[in-house]
Amino acid sequence: MSSKVQSTGPRAKEHQASAPESPPPPEANAEAIHFLHSLREPQGELTIDVQRGNHKDVSGDLLHCPLVHAYSKGFMDKTLCGNSLLGYLSWNLEIKEQHSQEFIKFHVLPMERKMSLLKQDGQLAVTRRIKEGEEVKTEVTFFPWHSVAGFISESANLLLLRVMALRRMVPSDARFLALDTEGKLCYSTYQALGSQTIQVDHQQVEVFIVEQTVHSEEGIPMSCQFYLLPDGHLAKRVQVGFPGCCMITKMPIVREEDEIEPRPAFEKKPLMWEEDMELYSRFLDRKEELRLSHTRYLQQHPEAKALVSDFLLFLLLRQPADVVTFAAEHFGPFAMSWPPTPGLRSSDRPSPFGLLEPEFV
């Protein structure tokens, strides 16, 4: 902003000669300019990756399950901080195993917090390890598995938000279970805040907003708003009461809904293999192969032909009504476990099938 006032005449010249110099205009200091520049520059990064993984349970079985990996790092009041998350889930979002870590690099007393969740022996084991400077505290808590029905872990929350974005629906009056910052069970609720258009990478995109609130029994509720793209990607995250936010800088490739095409119907045609030269040739080759194999076997075992001839001869001579029983009595003496024939036969002879092994009866 500038202004200029001009005057003419001899009195004006005398006034200009005697007037004192004006003070310089006010200027913002370097700290204020640096703060304004910091508003445009990113102060950290957040990555979230969901893929199919393999998890080995306590019994040693390898199972396919969703694997969630998240990592963030940034500065808070010029102090380096960050957290990481690695979780294995079942397909209905039940926790199998999860490891999380959070750190703040204070100059005086650095702080590190680790938490592990593991499903074992019908219960959920929660291990918390807090390190402040050189002091380390470890706490292990066990929850019976039936008492954590409806529990949503941090890794399950990321997948649940994607499901809500795809369905564009949040269950009303649903109250889930979660862990607060102290590792204690509390309630977690979700609320749909509607849709909004935001700018991402010079594009206007519509997002579905979901607010999650963790109701700690000891502290104040902590709410976080998630701006989700139509395919479930996280576009923006805002923690209520925190001055910063996370937002994607490049528009991802939005996954479109797959269109399932109807299966083509093929008319079943009879197989005329006699007219197919290749199939008919293979049939003749196989037929000749079997004929030669059978002939060679009978030549090597002439007793087989003699046994079959004797059986057919006695069968035609006696012409029994029960051919199967007659065959069993005829070939029974050739078995190794067949008892010797007594000198005097009984008129009530036992069935030859009673001597067979139980698995053959």
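To be clear, the structure that these remarks concern was listed above.
Computed from a prediction, not measured in an experiment: that's the story for all the values here.

S.K.: Whenever I open this one, the nonpolar core confuses me. Can you help?
M.R.: One broad trend across soluble globular proteins is that nonpolar side chains are buried collectively. With 32 residues, the main nonpolar core has Leu 117, Leu 124, Phe 151, Tyr 190 and Val 210 as its most contacted residues. Considering every element that reaches this core, the biggest residue donor is helix H3 (residues 154-167), with 7 residues. Aside from chain neighbours lying at most four places away, what touches Leu 124 is Ile 95, Leu 117, Leu 118, Lys 119, Thr 141, Phe 142, Phe 143, Trp 145, Val 148 and Phe 151. Formed by 10 residues, the second largest nonpolar core is a distinct cluster that contains Val 200, Val 205, Ala 235 and Val 238.

S.K.: Just to check I follow, could you spell out the packing of helix H5 (residues 302-318) against helix H6 (residues 323-331) for this structure?
M.R.: Helix-helix packing is described using two parameters, namely the angle between the two axes and the distance between the axes. Packing of H5 against H6 leaves a shortest axis separation of 11 Å and a crossing angle of 130 degrees. As judged from the angle between their axes, H5 and H6 are oblique. H5 and H6 meet at a crossing whose hand is right-handed. Across the interface between the two elements, Leu 307, Asp 310, Phe 311, Phe 314, Leu 315 and Arg 318 from H5 touch Val 323, Phe 326, Ala 327, His 330 and Phe 331 from H6. Residues belonging to the contact of H5 with H6 are distributed by class as follows: 8 nonpolar, 1 polar and 2 charged.

S.K.: I would appreciate a short explanation of the sheet that holds strand S13 (residues 245-247) in the present structure.
M.R.: Within a sheet, neighbouring strands are paired by backbone hydrogen bonds and run either parallel or antiparallel to one another. As summarised here, the arrangement of the 6 strands in space is S8-S9-S10-S11-S12-S13, forming an open sheet in which the pairing is antiparallel. Only two strands of the sheet have a single partner each, and these edge strands are strand S8 (175-179) and S13. Strand-to-strand, the axes of this sheet are offset by a mean angle of 30 degrees, without reference to chain direction. Of the pairings in the sheet, the one linking strand S12 (residues 234-239) to S13 comprises 3 bridges and is antiparallel in character. Each bridged residue has a counterpart across the sheet, and for Lys 236 the counterpart in S13 is Met 247. The sheet strands contacting H3 are S8, strand S9 (185-200), strand S10 (203-215) and strand S11 (222-228), and the helix crosses S10 at an angle near 130 degrees.

S.K.: Just checking my understanding: could you explain the environment of Glu 206 for this structure?
M.R.: Tracing the backbone shows Glu 206 in strand S10. In the structure, Glu 206 is positioned 21 residues away from Tyr 227 in sequence and 9.2 Å away in space, judged by C-alpha atoms.

S.K.: What exactly am I supposed to notice about the sheet that holds strand S2 (residues 62-76) here?
M.R.: Strand order in the open sheet made by the 7 strands is S1-S2-S3-S4-S5-S6-S7, with antiparallel pairing throughout. In this open sheet, the two edge strands, each paired with only one partner strand, are strand S1 (44-56) and strand S7 (135-144). For this sheet, the mean inter-axis angle between neighbouring strands, taken without regard to orientation, is 10 degrees. Sheet topology note: the S2/strand S3 (residues 79-89) ladder contains 10 bridges and is antiparallel. Each residue of the ladder has a partner; that of His 69, found in S3, is Leu 86. On top of the sheet, H3 reaches S1, S2, S3 and strand S4 (95-104); it is set at about 75 degrees to S3, its chief contact.

S.K.: Is there a simple way to explain the pairing of S12 in this structure?
M.R.: Put simply, side chains in a regular strand alternate between the two faces of the sheet. Pairing analysis gives 5 bridges linking S11 to S12, with the strands arranged antiparallel. Pairing of Gln 225 across the sheet is with Val 238, part of S12. The loop that links S11 with its antiparallel partner S12 comprises 5 residues; one of these, Gly 232, has a positive phi angle of about 100 degrees. Between S12 and S13, which pair antiparallel in sequence order, lie 5 residues; one of them, Gly 241, sits at a positive phi of approximately 90 degrees.

S.K.: How do you make sense of the packing of aromatic side chains when you look at a structure like this?
M.R.: Given two aromatic rings, their pairing is described by the distance between the two centres and the angle made by the two planes. Scanning the entire structure with this criterion turns up 4 aromatic pairs. Ring geometry for Phe 176 and Tyr 190: centres 5.6 Å apart, planes at 80 degrees, overall edge-to-face. Residue Phe 176 is found in strand S8, and its partner Tyr 190 is found in strand S9; the two are separated by 14 residues along the sequence. Judged by relative accessible area, Phe 176 falls into the buried class, the value being 19%. Each ring, one from Phe 311 and one from Phe 331, has its centre 5.2 Å from the other, and the planes form 40 degrees; the classification is tilted. Taken together, the residues Phe 311 in helix H5 and Phe 331 in helix H6 connect sequence positions 20 residues apart. Put simply, the rings of Phe 311, Phe 326 and Phe 331 pair up and form one aromatic cluster. Sitting over the face of the ring of Tyr 227, Lys 236 holds its NZ or CZ atom 5.2 Å from the ring centroid.

Calculation criteria
- Residues numbered from 1 in each chain as written.
- Predicted model: local features only at pLDDT ≥ 70, side-chain atom pairs only at ≥ 80, totals over all residues.
- Heavy atoms only, no water.
- Core = buried A, V, L, I, M, F, W, Y, C linked by side-chain atoms within 4.5 Å.
- Buried < 20%, exposed > 50% of the residue type's maximum accessible area, 1.4 Å probe, protein only.
- Helix = DSSP H or I, 4+ residues; strand = E, 2+ residues; numbered from the N terminus.
- Contact = heavy atoms within 4.5 Å.
- Axes fitted to C-alpha atoms, helices over the stretch in contact; angles between N-to-C directions.
- Parallel < 35°, antiparallel > 145°, perpendicular 65-115°, else oblique.
- Left-handed = near helix turned anticlockwise from the far one by under 90°.
- Nonpolar A, V, L, I, M, F, W, Y, C, P; charged D, E, K, R; others polar.
- Pairing = 2+ DSSP bridges.
- Phe/Tyr/Trp six-rings, centres within 6.5 Å; stacked < 30°, edge-to-face > 60°.
- Lys NZ or Arg CZ within 6 Å of the ring centre and 35° of its normal.

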